[in-house]
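Working through the structure, step by step
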Amino acid sequence: MTILFAVTGPTQAVAQDTPTFGTSLSLTFVDETGLTDMNGAALDLCHLAQGRSLLGQGVWVTSKGYVLAPNQCLSDDYFTLTGLQLVQAQADGDIAADVPAAPEMTAAQIIDRARGYTFMALVGGVIVLLGLVVFVILRRRAAVRRYYETLAAEEEAGAAA
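Residues numbered from 1 in each chain as written. Predicted model: local features only at pLDDT ≥ 70, side-chain atom pairs only at ≥ 80, totals over all residues. Heavy atoms only, no water.

1. Overview of the overall build of the protein
- Each helix and strand in the protein was counted, giving 4 helices and 4 strands.
- The order of helices and strands in the protein, counted from the N terminus, is α-α-β-β-β-β-α-α.
- Counting over 161 residues, the protein shows a buried share of 24%.
- Contacts in the protein between residues at least 24 apart in sequence constitute 59% of all its contacts with a sequence separation of at least 6.
- Total accessible area on the protein stands at roughly 11000 Å², and carbon and sulfur atoms take up 62% of it. (Helix = DSSP H or I, 4+ residues; strand = E, 2+ residues; numbered from the N terminus. Buried < 20%, exposed > 50% of the residue type's maximum accessible area, 1.4 Å probe, protein only. Contact = heavy atoms within 4.5 Å. Areas by Shrake-Rupley, 256 points an atom, 1.4 Å probe, with all protein chains shown as cover.)

2. Some remarks on helix H3 (residues 83–92)
- Within the span of H3, buried status applies to Leu 86, Ala 89 and Gln 90. For H3, the buried positions fall inside an angular range of 100° around the axis, keeping them on one side. Of the residues in H3, the exposed ones pointing more than 90 degrees away from the buried face are Leu 84, Val 87 and Ala 91.
- A positive backbone phi angle near 85° is found at Gly 93, which sits one or two residues after H3. (Arc of directions from axis to C-beta.)

3. Quick look at the layout of surface pockets
- In this structure, the second largest pocket spans a volume of roughly 240 Å³.
- Counting residues per element, the lining of the second largest pocket draws most heavily on strand E1 (residues 21–36), which supplies 4 residues.
- Split into classes, the residues belonging to the lining of the second largest pocket amount to 7 nonpolar, 3 polar and 1 charged. (1 Å grid on protein atoms, 1.4 Å probe; cavity = no way out; pocket = protein on both sides within 12 Å on 5 of 7 lines; lining within 4 Å. Points joined across faces, edges and corners; volume = space filled by probe spheres on them. Nonpolar A, V, L, I, M, F, W, Y, C, P; charged D, E, K, R; others polar.)

4. Overview of the environment of Cys 46
- Relative to the elements of secondary structure, Cys 46 occurs in strand E2 (residues 42–54).
- Given the relative accessible area of 0%, Cys 46 is considered buried.
- Ignoring sequence-local partners within four residues, the contact set of Cys 46 consists of Leu 27, Thr 28, Val 30, Gly 65, Tyr 66, Val 67, Ala 69 and Cys 73.

5. Details of the side chain of Asp 44
- Inspection of the secondary structure assignment puts Asp 44 in strand E2.
- We note that Asp 44 is buried and unpaired, the nearest opposite charge coming from Lys 64 at a distance of 23 Å.
- A polar atom in the side chain of Asp 44 sits 2.7 Å from the backbone nitrogen of Gln 72. (Lys, Arg positive; Asp, Glu negative; His and termini not counted. Salt bridge = Lys/Arg side-chain N within 4 Å of Asp/Glu carboxyl O. Polar contact = N/O pair within 3.5 Å; in protein donor to acceptor, adjacent residues only side chain to side chain.)

6. A few points about a positive patch on the surface
- A cluster of like positive charges, contributed by Arg 139, Arg 141, Arg 145 and Arg 146, occupies part of the molecular surface.
- In this structure, Arg 145 sits in helix H4 (residues 107–160). (Patch = residues over 30% accessible without salt bridge, like charges linked within 9 Å, V, L, I, M, F, W, Y side chains within 5 Å. Charge placed at Lys NZ, Arg CZ, Asp CG, Glu CD.)

7. Some details on the state of the cysteines
- According to the stated counting rule, one finds 1 disulfide in the structure shown.
- Across the disulfide from Cys 46 sits Cys 73; the S-S distance is 1.8 Å. Taking the torsion about the sulfur-sulfur bond, which here is approximately -95°, the covalent link between Cys 46 and Cys 73 counts as left-handed. Placement of the pair is Cys 46 in strand E2 and Cys 73 in the loop between strand E3 (57–70) and strand E4 (79–80), with a sequence separation of 27 residues. Across the pair, Cys 73 and Cys 46 agree in class, each one buried. (Disulfide = S-S within 2.5 Å.)

8. Topic: unusual backbone geometry
- The phi dihedral of Gln 72 is positive, around 50°, even though this residue is not glycine.
- Looking at the element boundaries, Gln 72 is found in the loop between E3 and E4.
- Here Gln 72 falls in the partly exposed class, since its relative accessible area comes to 44%.

9. Describing the pairing of E1
- For E1 and E2, the ladder comprises 12 bridges, and the chain directions are antiparallel. Bridge pairing in E2 places Ser 24 opposite Gly 51. (Pairing = 2+ DSSP bridges.)

So, to be careful, I would describe these as geometric facts and stop short of saying anything about function.
Laid out in structure tokens, this is it:
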């Protein structure tokens with residue numbers, strides 16, 4: 001179990017970005033653009049992903065599309081980019097023409113999703129095992145109770161005869 005968690009557990013960098021419960025947003029660098037913000041700072045094309053976590057483990061990752069952000073996506077500030085704006089920027093030459101219309105999930109995001117499934121499967125397995133243990137204990141107690149009830153009934157029948 002320890003080896004399995006060590007293999008599927010989050011790395012230190014992922015653990016810092018993943019909340020214990022809830023959702024988080026992450027930006028992944030896709031490509032440089034010829035666009036700038038109002039202050040003249042260069043904007044880069046980024047993939048915005050929303051992650052959901054449970055007990056610090058990524059459970060689900062959803063793509064929210066492309067955004068524009070400064071500093072190679074190492075920023076909390078970003079500008080949303082619609083599909084029409086992407087096509088127009090590609091036509092103007094500000095964004096590379098080979099950028100797909102819908103962003104693709106990165107290997108790290110896919111691994112986070114798989115890690116979440118593994119975590120949820122482990123939690124489910126533990127719950128099932130605990131349920132089986134409780135079932136066996138209750139059944140054994142019921143059997144012991146029936147044994148003593150039968151033994152007491154036999155003693156009463158023997159004493160009455």
